[in-house]
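So you can see what is in the structure, the chains are spelled out below.
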Amino acid sequence: MNASSLATIDETDHTQGPDDAPVTLIEYGDFECPVCGQAYPIVERLRRDYGDDLRFAFRHLPLNKVHPHAAQAAQAAEAAGAQDAFWAMHAALFEHQRALEYEDLKGYAEDLALDTERFARELDERVYNKRVQADLRGGVRAGANGTPTFFINGVRHDGDFDFDTLSQAITKAGA
Amino acid sequence: MSTRQSTQTTPGAESALTPGSPAPEFTLARSPDESLSLGDLRGQPVVLAFYSADWSPVCGGQLALYNEILEEFQRFDARLLGISVDGVWCHKAFAEDKNLEFDLLSDFEPKGEVAGAYGVYRDSDGVTERALFVIDGDGVIRWSTVSPIDVDPGADGILAALGGLPEQEATR
C-alpha cells in the first residue's frame, strides 16, 4: 500500500476547525459525484462529534469527463469563497447535486446573497479554473485515487467511508 | 466493498514482472476492428494498467481518474493502455459510457494470456490483478506494482516512475 504523505494545509486551503486540531481530515471531492454526496453528511457528523479535535479541509478533484458539471461547480465554490462563502456554497452544491447547471449555480449565489454579478463574471471567465486544476493535479500526485479520497493526517484512508470506519480511523490518528 | 484496510502483503505481487525485465510483446484488440502491438510504441513510455473488469461498480475510480489526467501522462509522451479480460464490444460500450479517451485492450482470447505473461493473472477468479507497469521507450519495465484487489492504486506511483525515466524526461 502506498500511504502518501501530503503537503501541509496552507492559507489557500478551505478549512473548518482549529489549525491546532490533533487530526486533519482532507477530502478530495467532486460536487457531482454521488458518493461524495453520500460522504457529505458523514463528514458533517464527524465535524460535530469531534469538535475542536478535528480540522477538515476540502480540495477539488473534479472528474469532469464522467461528471460534466463538476469542474464548473468547483469553480463556483471558489467564486463563492472569494466572497467568504465557500462552505455555504459547498453545502448548497452537495445538497443539490442534480442541479448544477450554470443557472442553478447562479441561483445558489443569489440565495446566499452574494454579489451575483461578480460571481457570474468569475464563472464566465473561468477565474478559478487554474486553482481547481492545481488541486486536482496535486491530489493525484499525493495519491488521491478517485472521488472522494480522504487523507487523515496525511495518510490515505483506504477503508470505507461510512461513519464508523472514518470515525475509528480519526480516533486512531489521535483525535 | 470490503471494509478492511489494505495490508502490506498483496497476493499475486510475487509473480509480477519486476523492473529491469523486458516487457513481453503482445498484440491485442483495441477496438472491434483494430489491434495494437506493444512493439509499435517503441520510443515512447507506455503505462499498462491491468484492471479486473469494465463495469465493476466503482464511482470515479481508477480509470476515470486516469482519463481526467491524460495530459499529465502526455507530458512524458507516455501512452496509457488499460487491459482487462473483457471483450472488445464490452470495452467499446464501457469506454463510450465513461468517455474514456485512451485505449482499452482485450486480453480475451486466449483469456488472460498477456496478463499471464506479465505475471498478473488470477487463476482463482479469472481476472487480472490490479497491476501497473511503466515501460520505457526501449521496451524495458521500469516500475511495477500490484495492489490489493480492493485498493485503488491511484496515479502517483505512475507519475513518479515516468518522472524518473532518463530519456523521456518531461517534454515541456
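Keep in mind that this is a model prediction, so the values were computed, not measured.

Chemist: Describe the pattern of salt bridges, and please don't skip the residues or the numbers.
Modeler: Here the structure, examined in full by the defined rule, presents 20 salt bridges over all chains. One salt bridge in this structure joins A:Glu44 and A:Arg47, with 3.4 Å as the shortest N-O distance. Residue A:Glu44 and its partner A:Arg47 are located together in helix H1 (residues 34-50), separated by three residues, close to a single helical turn. Residue A:Glu44 is classed as buried on the basis of its relative accessible area of 19%. Between B:Asp103 and B:Arg30 there is a salt bridge whose closest N-O contact spans 3.0 Å.

Chemist: How would you sum up the packing of aromatic side chains? Please name residues and give values.
Modeler: Residues and elements named next belong to chain A. As enumerated under the stated definition, the model contains 15 aromatic pairs over all chains in all. A ring pair is formed by Phe56 and Trp87, whose centres lie 5.7 Å apart and whose planes are at 45 degrees; its orientation type is tilted. Pair noted here: Phe56 is in strand E3 (residues 54-60) and Trp87 is in helix H3 (residues 86-95), with a separation of 31 residues, a long-range link. Overall, the relative accessible area of 1% leaves Phe56 in the buried class. Linked through ring pairs, Phe31, Tyr40, Phe56, Phe58, Phe86, Trp87 and Phe94 together constitute an aromatic cluster. One cation-aromatic arrangement involves Arg45 over Phe163; the distance from NZ or CZ to the ring centre is 3.5 Å.

Chemist: Which residues make up the sheet that holds strand E5 (residues 155-156) of chain A, and what are the values?
Modeler: Residue and element names in this part refer to chain A. Read from one edge to the other, the open sheet built from five strands follows the order E1-E3-E2-E4-E5, with strand pairing classed as mixed. If you trace the sheet from one side to the other, it starts and ends with strand E1 (14-16) and E5, each paired once. Bridge count for strand E2 (residues 23-29) against E3 is seven bridges, and the pairing is parallel. By the bridge assignment, Ile26 is partnered in E3 with Ala57. Seen against the sheet, H3 touches E1, E2 and E3 and runs at an angle of roughly 70 degrees to E3.

Chemist: Before we move on, can you summarise the confidence of the model for chain A with the specific residues and values?
Modeler: Per-residue pLDDT for chain A has a mean of 93; in total, 96% of the residues score no lower than 70. With pLDDT under 50 throughout, residues 1-5 of chain A is counted as low confidence; its partners more than four residues away or in other chains account for 18 contacts.

Chemist: Report on the nonpolar core, specifying residues and quantitative values.
Modeler: A:Leu25, A:Leu46, A:Met89, A:Leu93, A:Leu105, A:Phe119 and A:Ile170 are the most contacted members of the largest nonpolar core, which has 42 residues in total. Considering each element in turn, this core owes the most residues, eight residues, to H1(A). What A:Met89 contacts, discounting residues up to four positions off in sequence, is A:Ala76, A:Ala77, A:Ala80, A:Leu105, A:Tyr108, A:Ala109, A:Leu112, A:Leu114 and A:Phe119. Core analysis: the second largest hydrophobic core is formed by 37 residues, A:Tyr28, B:Val47, B:Ile69 and B:Ala95 among them.

Chemist: Run through the environment of A:Ala21, naming residues and quoting values.
Modeler: Residues and elements named next belong to chain A. As for its placement among the helices and strands, Ala21 is situated in the loop between E1 and E2. On the basis of relative accessible area, Ala21 is assigned to the buried category, the value being 10%. It is 22 Å that separates the C-alpha atoms of Ala21 and Gly139, two residues lying 118 residues apart in sequence. Ignoring any residue separated from it by four or fewer positions in sequence, one finds Ala21 in contact with Asp52, Asp53, Leu54 and Arg55.

Chemist: Describe helix H5 (residues 116-124) of chain A, naming the residues involved and giving the relevant values.
Modeler: At 3.6 residues per turn, the α-helix brings residues three or four places apart onto the same side. Residue and element names in this part refer to chain A. Every buried residue of H5 is listed here: Phe119, Ala120, Glu122 and Leu123. End-on, the buried residues of H5 take up no more than an arc of 165 degrees, which puts them together on one face. Among the exposed residues of H5, those oriented more than 90 degrees off its buried face are Glu117 and Asp124. Summarising the contacts, the buried residues of H5 are in contact with helix H2 (70-81), H3 and helix H4 (102-111). For H5, the capping residue at the N-terminal end is Asp115, with a side-chain oxygen 3.2 Å from the backbone nitrogen of Glu117. Just downstream of H5, Arg126 is the residue with a positive phi angle, here 50 degrees.

Chemist: Tell me about helix H3 (residues 88-98) of chain B, and please be specific about residues and values.
Modeler: Residues and elements named next belong to chain B. Looking only at H3, the buried set comprises Val88, His91, Phe94 and Ala95. On an axial view of H3, the arc spanned by its buried residues comes to 125 degrees, and they lie on one face. Seen from the open side of H3, the exposed residues pointing more than 90 degrees away from its buried face are Trp89 and Glu96. Packed against the buried residues of H3 are strand E1 (27-31), helix H1 (62-68), strand E4 (79-84) and strand E5 (103-106). One or two steps after H3, the chain reaches Asn99, where phi turns positive at roughly 55 degrees.

Chemist: So what's going on with unusual backbone geometry? Residues and values would help.
Modeler: Here the amide bond leading from A:Thr147 into A:Pro148 is cis, since omega sits at -10 degrees, within 30 degrees of zero. Cis geometry marks the peptide bond from B:Glu109 to B:Pro110, where omega comes out at -10 degrees. On the secondary structure map, B:Pro110 appears in the loop between E5 and helix H4 (113-117). At A:Arg126, a position not held by glycine, the phi torsion is positive, near 50 degrees. Among the structural elements, A:Arg126 can be located in the loop between H5 and helix H6 (129-142). Positive phi, normally seen in glycine, also occurs at B:Asn99, with a value near 55 degrees. Here B:Asn99 is to be found in the loop between H3 and E5. Look at B:Asn99 and you get partly exposed, because its relative accessible area is 42%.

Reading guide: rules and limits
- Residues numbered from 1 in each chain as written.
- Chains lettered and ligands numbered in written order.
- Predicted model: local features only at pLDDT ≥ 70, side-chain atom pairs only at ≥ 80, totals over all residues.
- Heavy atoms only, no water.
- Salt bridge = Lys/Arg side-chain N within 4 Å of Asp/Glu carboxyl O.
- Helix = DSSP H or I, 4+ residues; strand = E, 2+ residues; numbered from the N terminus.
- Buried < 20%, exposed > 50% of the residue type's maximum accessible area, 1.4 Å probe, protein only.
- Phe/Tyr/Trp six-rings, centres within 6.5 Å; stacked < 30°, edge-to-face > 60°.
- Lys NZ or Arg CZ within 6 Å of the ring centre and 35° of its normal.
- Pairing = 2+ DSSP bridges.
- Contact = heavy atoms within 4.5 Å.
- Axes fitted to C-alpha atoms, helices over the stretch in contact; angles between N-to-C directions.
- pLDDT = per-residue confidence, 0-100.
- Core = buried A, V, L, I, M, F, W, Y, C linked by side-chain atoms within 4.5 Å.
- Arc of directions from axis to C-beta.
- Polar contact = N/O pair within 3.5 Å; in protein donor to acceptor, adjacent residues only side chain to side chain.

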